[in-house]
Amino acid sequence: MERREFLQNGLVAGAAALIGREAAGLQDEPEAKPLQEFGYGDVELAPGRMRTQFEETQSVLLSLDEDALLRPWRLRAGLPAPGGPLGGWYDEVPLVKTPSGGEGFAPGHSFGQWISALSRGYAATGDPAAQAKLRRILEMYGPAISGKFYTNFRFPAYNYDKMVIGLIDAHQFGSMENAFSLLDRTTEAAGPHLPETALDRDAPQIAWRKATGQNTTSDYGWDEPYTLPENLYLAAQRGAGERYRTMASKYLLNETYFDPLSENKNVLPNHHAYSFCNALSSAMQAYLAAGSEKHLRAAVNAHEMIVTTQSYVTGGWGPDESFRQPNTGALYASLTNTKHSFETPCGSYGHFKLTRYLLRVTRDGKYGDSMERVLYNTVLGAKTLEKDGHAFYYSDYSNSATKFYFDDKWPCCSGTLPQVAADYHILGYFHDGDGVYVNLYMPSTLKWASKSGARIALTQSTAYPIDGRIEMVMKASKPAEFALRLRIPAWAQGDSGAAIRVNGLAVNAPVTKGFATLRRKWKDGDRVELNLPLPMRLEAIDSQHPETVALVRGPLVLFALTEDAPKVTREQLLAAKPMKGQAVWMAATDAGPLLLTPFTDIHEERYRTYMTAD
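From a predicted model like this one, the values you see are computed outputs, not experimental measurements. (Residues numbered from 1 in each chain as written. Predicted model: local features only at pLDDT ≥ 70, side-chain atom pairs only at ≥ 80, totals over all residues. Heavy atoms only, no water.)

Student: An account of the sheet that holds strand β6 (residues 435–438) is needed here, citing residue identities and associated values.
Tutor: Spatially, the six strands line up as an open sheet ordered β1-β5-β6-β10-β14-β13, and their pairing is mixed. Strands at the two margins of the open sheet, each flanked by one partner only, are β1 (36–37) and β13 (511–512). Strand direction decides the pairing type here: β6 and strand β10 (residues 480–487), joined by four bridges, are parallel. Each bridged residue has a counterpart across the sheet, and for glycine 435 the counterpart in β10 is alanine 483. (Pairing = 2+ DSSP bridges. Helix = DSSP H or I, 4+ residues; strand = E, 2+ residues; numbered from the N terminus.)

Student: Go over empty space enclosed by the protein with me, naming the residues and quoting the values.
Tutor: Across all of its chains, the model carries three cavities of 30 Å³ or more by this definition. Of the voids in this model, the largest cavity is the one considered here, and its volume is about 80 Å³. Lining of the largest cavity is provided by Gln113, Asp161, Lys162, Ile165, Thr227, Glu230, Asn231, Tyr274, Asn278, Tyr349, Lys353 and Gln419. Grouping the amino acids of the lining of the largest cavity by side-chain chemistry returns three nonpolar, five polar and four charged. (1 Å grid on protein atoms, 1.4 Å probe; cavity = no way out; pocket = protein on both sides within 12 Å on 5 of 7 lines; lining within 4 Å. Points joined across faces, edges and corners; volume = space filled by probe spheres on them. Nonpolar A, V, L, I, M, F, W, Y, C, P; charged D, E, K, R; others polar.)

Student: Summarise the side chain of serine 116; cite the residues concerned and give the values.
Tutor: Summarising the element assignment, serine 116 is placed in helix α3 (residues 111–125). Within polar-contact distance, the side chain of serine 116 engages the side chain of aspartate 169 at 2.6 Å. Every residue in contact with serine 116, bar those within four places of it in the chain, is listed here: Ile165, Gly166, Asp169 and Gln419. (Polar contact = N/O pair within 3.5 Å; in protein donor to acceptor, adjacent residues only side chain to side chain. Contact = heavy atoms within 4.5 Å.)

Student: Outline the packing of helix α14 (residues 344–362) against helix α15 (residues 366–377), listing residues and values.
Tutor: The geometry of α14 relative to α15 is characterised by a closest axis approach of 8 Å and an angle of 160° between their N-to-C directions. Judged on the interaxial angle alone, α15 and α14 are roughly antiparallel. Both α14 and α15 take part in a crossing whose hand is left-handed. Taken together, the residues of α15 that come into contact with α14 (itself represented by Ser348, His351, Phe352, Thr355, Arg356, Leu358, Leu359 and Thr362) are Tyr367, Ser370, Met371, Val374 and Leu375. Its residues assigned to classes, the contact of α14 with α15 comprises seven nonpolar, five polar and one charged. (Axes fitted to C-alpha atoms, helices over the stretch in contact; angles between N-to-C directions. Parallel < 35°, antiparallel > 145°, perpendicular 65-115°, else oblique. Left-handed = near helix turned anticlockwise from the far one by under 90°.)

Student: Run through the environment of threonine 309, naming residues and quoting values.
Tutor: One can find threonine 309 in helix α12 (residues 293–310). Between the C-alpha atoms of threonine 309 and proline 326, which are 17 residues apart in sequence, the distance is 5.5 Å. The residues touching threonine 309, leaving out its near neighbours within four places in the chain, are Asn266 and Pro326. Among the polar contacts listed, one links the side chain of threonine 309 to the backbone oxygen of methionine 305, at a separation of 2.6 Å.

Student: Tell me about the layout of surface pockets, and please be specific about residues and values.
Tutor: The calculated volume of the largest pocket comes to roughly 710 Å³. Looking at the largest pocket, it is lined by 37 residues, and the ones nearest its centre are Val307, Thr308, Thr309, Ser311 and Tyr312. Broken down by secondary-structure element, the contributors of at least two residues to the lining of the largest pocket are α12, α13 (330–337), α15 and β16 (536–540). Residues belonging to the lining of the largest pocket are distributed by class as follows: 13 nonpolar, 15 polar and nine charged.

Student: Quick rundown of the environment of tryptophan 448? Include the residues and the values.
Tutor: Structurally, tryptophan 448 is set in strand β7 (residues 444–449). The spatial distance from the C-alpha of tryptophan 448 to the C-alpha of phenylalanine 38 is 8.7 Å, given a sequence separation of 410 residues.

Student: Describe in detail the pairing of strand β11 (residues 499–502), supporting the description with residues and values.
Tutor: Side chains of β11 alternate between two faces, with Ile500 and Val502 buried and Ala499 and Arg501 left unburied. Summarising the sheet, β11 and strand β15 (residues 527–531) pair through four bridges and their orientation is antiparallel. Looking at β15, one finds that alanine 499 is bridged to asparagine 531. The pairing of β11 with strand β12 (residues 505–507) spans three bridges and is classified as antiparallel. Looking at β12, one finds that isoleucine 500 is bridged to valine 507. Counting the residues in the hairpin turn of β11 and β12 gives two residues, including asparagine 503, whose phi is positive at 50°. (Buried < 20%, exposed > 50% of the residue type's maximum accessible area, 1.4 Å probe, protein only.)

Student: Hey, could you go over the pattern of salt bridges for me, with residue numbers and the actual values?
Tutor: Counted according to the given criterion, the structure contains 36 salt bridges. When the shortest N-O distance is used, the salt bridge between arginine 356 and glutamate 37 registers 2.7 Å. Here glutamate 37 lies in strand β1 and arginine 356 lies in helix α14, a separation of 319 residues in the sequence. With its nearest N and O atoms 2.6 Å apart, the salt bridge here joins aspartate 467 to arginine 469. Its relative accessible area of 22% is what places aspartate 467 among the partly exposed residues. For arginine 469, a relative accessible area of 55% translates into the label exposed. One network of salt bridges, with partners in common, ties together Glu37, Arg120, Asp169, Arg238, Arg356, Arg360 and Asp423. (Salt bridge = Lys/Arg side-chain N within 4 Å of Asp/Glu carboxyl O.)

If you want it as structure tokens, here you go:
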């Protein structure tokens, strides 16, 4: 456990004014301070879906053949490459292009992401096998570093970006002392093959490649140099060198993307959805590292555009990997013209990073609301990443939907899913000098140490979001004063909204920007109970089709288990009742019972996200 010290500023505005607060030992709220993340090792996930997905993805990474991992790097460097190939996108073989990419589409693409996920996993668990594997593969990677790898390569910036995050994570979280020197060598190898500045996809990249005598096939215009700044800024912040800060500023896609977004001009449509969402984390780093208010405005505005003009009820976005024109019925049309509704592990990774940055900077709980909607309705229900490379890529929101594996093995989402699952440790809690923010309600234990020397553990027990009851128990080596702030989702606010008890006493805690504040001197055995109401409601696909709706309970979408369009009324959907002992609800319709269930509980069944309701 890392020690997390909270500065106790002691600011007290006055006596508690709300009924019940004084009896519960609560005090008024001081001025808030900026939020920080906890360490991966500060949070232990209890048994449940998050822990299972984390352990499964770590197991896959630990099982990967190390010679197969290095094979693309060795072959492209002209070195001997013993052992067999890994297969799928990952291999260095002559590409036979298919609609899904084809074998050899992106050689070595996920190597850096797997290094990152192993490093984060080691930081979370201290598993010596993870650290030992990191050490071995970095020792094998060093001799294979070569500019030949990036020569006339389809995705030089994409691969380099993944290596940056992998190596700086190996240094910070995996205690790999040689990681920064490997990063410098990787940068020297990749640098001559990167454009001088950020380039948008397609025509600008093809023009650059033509001018530099490279391959100009259309998919050579799909590289992502505009995502580079985030990890380059992080490299500089973590001590890899100021050269990375200088590089970062070169690759901010300002003129065609961040500048108009900062002026609230919606330029998202027709852009590649995941990578341009991912680029918004570069905007956030430009704000955090360089103080650029323009880039903060761009990220805030873009998130609002994604949520209000691009998103399905699940929080997922980007059918066929593209942002669509708002107010055109494009999302509605996608229910019948594609099964590639949301690039789930990659999209979730980009979405979680963006909402985590925005929550930390703005302290606004709406970003936690956005995060949890994507979490529970998309990636947490992804099919298992298999050790042979079969990976879940797209969520299907079509009118006759199923869960399915991607056609090619080891696609991009095989790299991001292990990172997503490792990051569950850092999504749930944040802190400032005044106390702790509880952002996600998940079975877990957070441990930290106060400046006064109190060792504190906060344990959450809950079946949320199936059940709205959350219990938190405090263990403390001695009493400690701090604020505990609980996110109250927008749908749970109001007169009949969330109910909070501290040691059995009802508390009327003020809610500011989506967080209820409980301030007191906490002692060993203190208990907090939060009850969220989980109201049923209907959400339409868009304003042009108000009759096409999905059923939502709290943050959870309930998917209809049916192959055919059900004949159902709005009243019947809203009256759906839970079936005892199951994560299943039943709506009584004129044609018979209609069963509905969360995405996490769908396996091989056919389902529908949206229904036509009279």
